[in-house]
Amino acid sequence: THKPPSAMLRSLVGSEMCIRDRVIIHMKKNSLQIDRKLIARKRAETRLKIYGIISISIALIMLSTLIISIGLSGYSALQQAYVKLDIIIEGEKITDENGMFSSKKALLFNWDGAVSKALLKEFPSVKKRSDKKSLRSLMSSNAGFELREYFQQNPQDFDKKITLWLTASDDFDQYLKGRFNVEVLEKDRRLNDSQLQWIDFLSENRIADLKFNTSFFTNADSREPESAGILGAVVGSSLTLIITVLFALPLAVMASIYLEYFAKPGRLTDFIEVNINNLAAIPSIVFGLLGLSIFLSLFGLPRSAPLVGGLCLGLMTIPTIIIATRASIRAVPPSIKDAALGLGASKMQAALHHVIPLAAPGILTGTIIGMAQALGETAPLLMIGMVAFIIETPNSFTSAATAMPVQIFMWSDSAERAFYERSSLAILFLVGFLIAMNSLAVILRRKFEKKW
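Each chain carries its own residue numbering, running from 1 in the written order of its sequence. Restriction of local features to residues with pLDDT of at least 70 applies here, the model being predicted, together with a cutoff of 80 or more for giving and counting side-chain atom pairs; totals for whole chains, interfaces and linings are based on all residues. Hydrogens and waters are ignored; side-chain quantities use all the structure's heavy atoms.

Asks: What's the story with the packing of helix H9 (residues 231–262) against helix H14 (residues 347–375) in this structure? I'm lost.
Replies: Helix packing for two helices is described by the angle between their axes and how far apart those axes are. Interhelical geometry of H9 versus H14 gives an angle of 140° and a closest axis separation of 9 Å. Taken together, the axes of H9 and H14 are oblique relative to one another. In the crossing of H9 with H14, the sense of the turn from one axis to the other is right-handed. Across the interface between the two elements, Ser237, Leu241, Thr244, Val245, Leu249, Val253, Ile257, Tyr261 and Phe262 from H9 touch Lys347, Met348, Ala351, Leu352, Val355, Ile356, Ile363, Thr367, Met371, Ala374 and Leu375 from H14. When its residues are assigned to classes, the contact of H9 with H14 shows 16 nonpolar, 3 polar and 1 charged. Helix axes are fitted to C-alpha atoms over the stretch in contact, other axes to C-alpha atoms as well, and angles between N-to-C directions run from 0 to 180 degrees. Helix and strand assignments come from DSSP, with helices taken as H or I runs of at least 4 residues and strands as E runs of at least 2, each series counted from the N terminus. Any angle that is under 35 degrees is reported as roughly parallel, and any over 145 degrees as roughly antiparallel; angles of 65 to 115 degrees are reported as roughly perpendicular and all others as oblique. For a crossing to be left-handed, the near helix must be turned anticlockwise from the far one by less than a right angle; the clockwise case is right-handed. In what follows, a contact means two residues having at least one pair of non-hydrogen atoms within 4.5 Å. Following the grouping adopted for this structure description, the nonpolar residues are Ala, Val, Leu, Ile, Met, Phe, Trp, Tyr, Cys and Pro, the charged ones are Asp, Glu, Lys and Arg, and the polar ones are all others, Gly among them.

So this is what it looks like as structure tokens:
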């Protein structure tokens, strides 16, 4: 019944070899499974990277398409049609007894008539009154004002023959740019055949030409598109943003410090935090209604002023800055605050002298992003009257003003083609400024942030 020792030894060795083979086979199976999982994981990561690249590429293509389409519509606004005229103004009709420019006489002088007279010299064959009126309409209605401004600044040129480039009308301008449809019937066009022939004559003889449109950057709004500019809107937006940051930043930082270091956990604190998050998602027009009912109706602040616009946008921006500030404060290691408290500093001293300076890059980034968002808002400003037609550049926080988004809205709603191209150029200017602000936020965050 008993096996010999040699047989037992062979059976033991055989069983060990069997166990070892099983272990090896099991390890190989596990290894194969691990390899398959690793390969599947790498493939998933590769797919995720490809999806991310495709998403970013689609976003960049859409952004590029948007900017290019707007640019193709608005680049022509960088040029404006001007007409070169030889003009002589008698000084005795404009100057006073001392030979100085007289504002009273200038108001009575027919500057538009002087422009028409100079233009008619180029077309001596035009005799009919209707033709003269059509010829005069080729010049901007503000050409006489430009002539008056020139002699007010250069009184020494009275009684001299001078050559000036004066602004042409918007239809003249669109025709030179190739944006005027001449295939339409003459009765349906804003320029008749005679006017087109006159424009061709002026252009061929280099009397009319396209030049850089400096008025777009130096003028405020105007009823005439050839004289309209963005300076008033840019200054209005700047004044509004100054009020916004002065109003929103201190309140947001103080609220963040209170919620992080002084507010006791409870229903009240939870209620405040929930409402801060909700305020960040409320439609911007609600803040316009709030500003209309409180700042204008209750407090009686001036309508269409950067002061009111800045306060409305500040209310809208405060939740954004609070969220960014709290995140920046939490990113600072608690040991900084604990060390300050251990050395005898109060909670307020620890927060203001130690934590806030280290959290400043994140706070600054959130503030810039909030300002960029406020810069592009239109609805709150419409509700408080900043949609008014303003022909002068504002010079104070209580002056009547408009803002860049509102200016673009007003121009895009106008019928003239020249206003459309100016609104497109203003959009490019606004988008470029927003991109610059967001880029500045990224640069400041990378430069000043500290890694713990």
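There is more to say after this.
Asks: I'm lost on the sheet that holds strand S2 (residues 162–167) in this one. Help?
Replies: To summarise the sheet geometry, strands pair through backbone hydrogen bonds and adopt either a parallel or an antiparallel arrangement. We call two strands paired when DSSP finds no fewer than two bridges between them. Read from one edge to the other, the open sheet built from 3 strands follows the order S2-S1-S3, with strand pairing classed as antiparallel. Here the strands that pair on one side only, and so sit at the sheet edges, are S2 and strand S3 (208–212). This sheet shows a mean twist of 45° between the axes of neighbouring strands, independent of strand direction. Across the sheet, helix H3 (residues 111–120) lies against strand S1 (79–87) and S2, angled at about 85° from S1, the strand it touches most.

Asks: For this particular structure, what's the right way to read the nonpolar core?
Replies: Side chains of a nonpolar character, in soluble globular proteins, are inclined to be buried together. Of all hydrophobic cores here, the largest spans 37 residues; its most connected members are Leu381, Ile384, Trp411 and Ala426. Among the elements that take part in this core, helix H17 (residues 417–448) stands out by supplying 7 residues, more than any other. Those residues in contact with Leu381, other than ones at most four positions away along the chain, are Gly309, Leu313, Met386, Val387, Ala403 and Val406. In terms of nonpolar packing, the next biggest core, distinct from the first, is built from 36 residues, Val83, Ala114, Leu135 and Leu138 among them. Definition of nonpolar core: a set of buried residues of the types Ala, Val, Leu, Ile, Met, Phe, Trp, Tyr and Cys, connected through side-chain atoms within 4.5 Å. Remark: exposure states derive from per-residue accessible area (1.4 Å probe, protein chains only) relative to the maximum for the residue type, with buried under 20%, exposed over 50%, and partly exposed in between.

Asks: How do you make sense of helix H7 (residues 193–204) when you look at a structure like this?
Replies: Counting along an α-helix, one turn takes 3.6 residues, and residues three or four places apart therefore face a common direction. To estimate the expected span of a helix, count its residues, drop one, and scale the result by 1.5 Å. Relative to the 16 Å expected for 12 residues at 1.5 Å per residue, H7 spans 16 Å between its end C-alpha atoms, a close match to the ideal helical length. Where the residues of H7 are buried, they touch H3, helix H4 (129–136), helix H6 (170–176) and S3. Capping the start of H7, Asn192 holds a side-chain oxygen 3.2 Å from the backbone nitrogen of Ser194, two or three residues further along. Side-chain atoms alone can form a polar contact between residues adjacent in sequence; in general such a contact is a pair of N or O atoms within 3.5 Å, and within protein one must be able to donate a hydrogen while the other accepts it.

Asks: Is there a simple way to explain the packing of aromatic side chains in this structure?
Replies: The way to describe two aromatic rings as a pair is by their centre distance and the angle between their planes. Side-chain rings of Phe, Tyr and Trp, where Trp is taken by its six-membered ring, are said to pair if the distance between their centres is within 6.5 Å; with planes under 30 degrees apart they count as stacked, over 60 as edge-to-face, and otherwise as tilted. Taken as a whole and assessed by the stated rule, the structure comprises 13 aromatic pairs. Ring centres of Tyr175 and Phe180 lie 6.4 Å apart, and the angle between their planes is 80°; this geometry places the pair in the edge-to-face category. Phe180 shares its class with Tyr175; the two are buried. These aromatic residues form a ring-pair network of at least three members: Phe101, Phe109, Trp111, Tyr150, Phe151 and Phe158. Charges are assigned to positions over rings by a cutoff of 6 Å between ring centre and Lys NZ or Arg CZ, combined with an angular limit of 35 degrees from the ring normal. Note that Lys211 overlies the ring of Trp165, its terminal NZ or CZ placed 4.3 Å from the centroid. Between Arg223 and the ring centre of Phe389, over which it is positioned, the NZ or CZ distance is 3.8 Å.

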